[in-house]
Amino acid sequence: MSPTPDRPRSFRTAAVIPAAGRGVRLGPGAPKALRGLGGTPMLIHAVRAMAASRAVRLVVVVAPPEGVTEVKNLIDTHALPERTDYLVVPGGATRQESVGLGVGALPDDISVVLVHDAARPLVPVDTVDAVVEAVRDGALAVVPALPLADTVKEVEPGAKGEQEPVVATPERARLRAVQTPQGFDRDTLARAHAEAAPDGEGATDDAGMVERLGVPVVVVPGHEEAFKVTRPLDLVLAEAVLARRRANDGF
Ligand SMILES: Nc1ccn([C@@H]2O[C@H](COP(=O)(O)OP(=O)(O)OP(=O)(O)O)[C@@H](O)[C@H]2O)c(=O)n1
Ligand SMILES: C[C@](O)(CO)[C@H](O)COP(=O)(O)O
């Protein structure tokens with residue numbers, strides 16, 4: 001819904017959580033989003049992280065197609081804020097497809113959309129709120145990001161285990177590691193998905209697809225605890241962060 005001079009822009013905000021991945025890099029087991037973290041499925045942490053923001057009125061979970069009933073049961077049986085609505089839809093073969101299916105399920109009255117990986121269960125609410133605020137302030141696409149600790153090399157990719165020639169060393173001070181939730185004006189995100197090639201042409205995040213429209217994307221500060229659980233060691237770190245939070249909160 002586009003704003004008109006007679007109709008002020010609404011800021012009704014939803015979060016889409018793509019959670020339909022397998023978690024191949026994490027190793028064998030249940031789909032990654034359904035694996036436990038501190039005794040609770042990672043997905044539930046991610047849902048709580050989005051619903052913790054008072055701005056978020058609806059959370060759309062994009063579930064593994066064969067796991068829709070299981071995810072609906074998880075949503076029904078875990079304590080979640082009642083001011084927020086929850087919807088579960090089946091996902092697709094790629095992250096891009098899953099996000100597109102989530103965006104396609106949004107009701108008409110949503111004008112601001114957060115896209116948040118289920119694999120980033122511990123993002124603090126202040127980061128979520130900062131992204132929402134930047135979109136509400138007028139940015140069409142917002143990403144939380146952090147400066148890098150490592151130097152980054154561009155290489156000519158070779159076969160696994162082979163030597164790879166270095167092509168360039170980008171100036172580290174200009175690079176950022178991008179996290180989620182990424183926040184968007186709803187129409188801009190929907191257009192990016194509608195116009196993207198089915199394989200995304202190498203876009204590994206939604207903001208990358210928006211950039212291809214020629215729409216500016218802005219960065220706000222990310223947070224160390226918004227890291228993505230990708231490999232086994234990430235899960236060890238996530239358990240430690242959660243244990244520290246619980247100790248600090250006294251439960
Ligand atoms: N077909 C897919 C693939 C990924 N995702 C989601 O996109 C997010 C980021 O993806 P990633 O961390 O790569 O998760 P997986 O695809 O599960 O991991 P892997 O690549 O190791 O299999 C995750 O929340 C994942 O569930 C999705 O909804 N649908
Ligand atoms: C969207 C993302 O989390 C931003 O850093 C990242 O690009 C997802 O990559 P993945 O390979 O799908 O985990």
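Residues numbered from 1 in each chain as written. Chains lettered and ligands numbered in written order. Predicted model: local features only at pLDDT ≥ 70, side-chain atom pairs only at ≥ 80, totals over all residues. Heavy atoms only, no water.

Enquirer: Describe in detail the overall build of the protein chain, supporting the description with residues and values.
Expert: Across its full length, the protein chain carries seven helices and 12 strands. Here the C-alpha radius of gyration of the protein chain, 18 Å, is about what a compact globule of 251 residues would show, namely 18 Å. For the C-alpha atoms alone, the extent of the protein chain along its principal axes is close to 60 × 45 × 35 Å. Across the protein chain, the fraction of contacts at a sequence separation of at least 24, relative to all contacts at a separation of at least 6, is 73%. A total of about 13000 Å² of accessible surface is found on the protein chain, and carbon and sulfur atoms cover 53% of it. Both charge centroids of the protein chain, one from 28 positive and one from 33 negative side chains, sit 3 Å from each other. (Helix = DSSP H or I, 4+ residues; strand = E, 2+ residues; numbered from the N terminus. Rg over C-alpha atoms; globule rule 2.2 N^0.38 Å. Contact = heavy atoms within 4.5 Å. Areas by Shrake-Rupley, 256 points an atom, 1.4 Å probe, with all protein chains shown as cover. Lys, Arg positive; Asp, Glu negative; His and termini not counted. Charge placed at Lys NZ, Arg CZ, Asp CG, Glu CD.)

Enquirer: Residues and numbers for the layout of surface pockets, please.
Expert: Taking a probe equal in size to a water molecule and rolling it over the atoms shows the remaining empty space. In this structure, the largest pocket encloses a volume near 900 Å³. For the largest pocket, the lining is made up of 33 residues, of which Arg-25, Arg-95, Asp-117, Thr-204 and Lys-228 are closest to its centre. At the level of secondary structure, the elements contributing two or more residues to the lining of the largest pocket comprise helix 3 (95-104) and helix 6 (206-211). No other element matches the three residues that helix 3 contributes to the lining of the largest pocket. Taken as a whole, the second largest pocket spans an internal volume of roughly 440 Å³. Lining the second largest pocket are 16 residues; nearest its centre among them are Leu-148, Ala-177, Gln-179, Phe-227 and Lys-228. Going through the elements one at a time, strand 7 (141-147) and strand 10 (176-178) are the ones with two or more residues in the lining of the second largest pocket. Residue composition of the lining of the second largest pocket, by class: eight nonpolar, two polar and six charged. (1 Å grid on protein atoms, 1.4 Å probe; cavity = no way out; pocket = protein on both sides within 12 Å on 5 of 7 lines; lining within 4 Å. Points joined across faces, edges and corners; volume = space filled by probe spheres on them. Nonpolar A, V, L, I, M, F, W, Y, C, P; charged D, E, K, R; others polar.)

Enquirer: With reference to specific residues and values, describe the UniProt feature "site: Positions MEP for the nucleophilic attack" (unreviewed entry) in the protein chain.
Expert: In the numbering used here, UniProt assigns the feature "site: Positions MEP for the nucleophilic attack" (unreviewed entry) to Arg-172 and Lys-228. Lining residues of the largest pocket drawn from the annotated list: Lys-228. Structurally, the position occupied by Arg-172 is in the loop between strand 9 (166-168) and strand 10. Not counting chain neighbours up to four residues away, the residues in contact with Arg-172 comprise Leu-148, Ala-149, Asp-150 and Thr-151. A distance of 2.7 Å separates a polar side-chain atom of Arg-172 from the backbone oxygen of Ala-149. Relative to the elements of secondary structure, Lys-228 occurs in the loop between strand 12 (218-221) and helix 7 (232-249). In this structure, Lys-228 is in contact with Arg-25, Asp-117, Ala-119, Arg-120 and Asp-234, ignoring residues within four places of it in sequence. In terms of polar contacts, Lys-228 uses its side chain to reach the side chain of Thr-230, at 3.0 Å. (UniProt positions renumbered as here; feature names shortened; annotations may be inferred. Polar contact = N/O pair within 3.5 Å; in protein donor to acceptor, adjacent residues only side chain to side chain.)

Enquirer: With reference to specific residues and values, describe the UniProt feature "site: Transition state stabilizer" (unreviewed entry) in the protein chain.
Expert: Here, the residues flagged by UniProt with the feature "site: Transition state stabilizer" (unreviewed entry) are Arg-25 and Lys-32. The annotated residues contributing to the lining of the largest pocket are Arg-25 and Lys-32. With respect to the helices, strands and loops of the structure, Arg-25 is situated in the loop between strand 1 (13-18) and strand 2 (36-37). Dropping the residues within four chain positions of it, Arg-25 is found in contact with Lys-228, Thr-230, Arg-231 and Pro-232.

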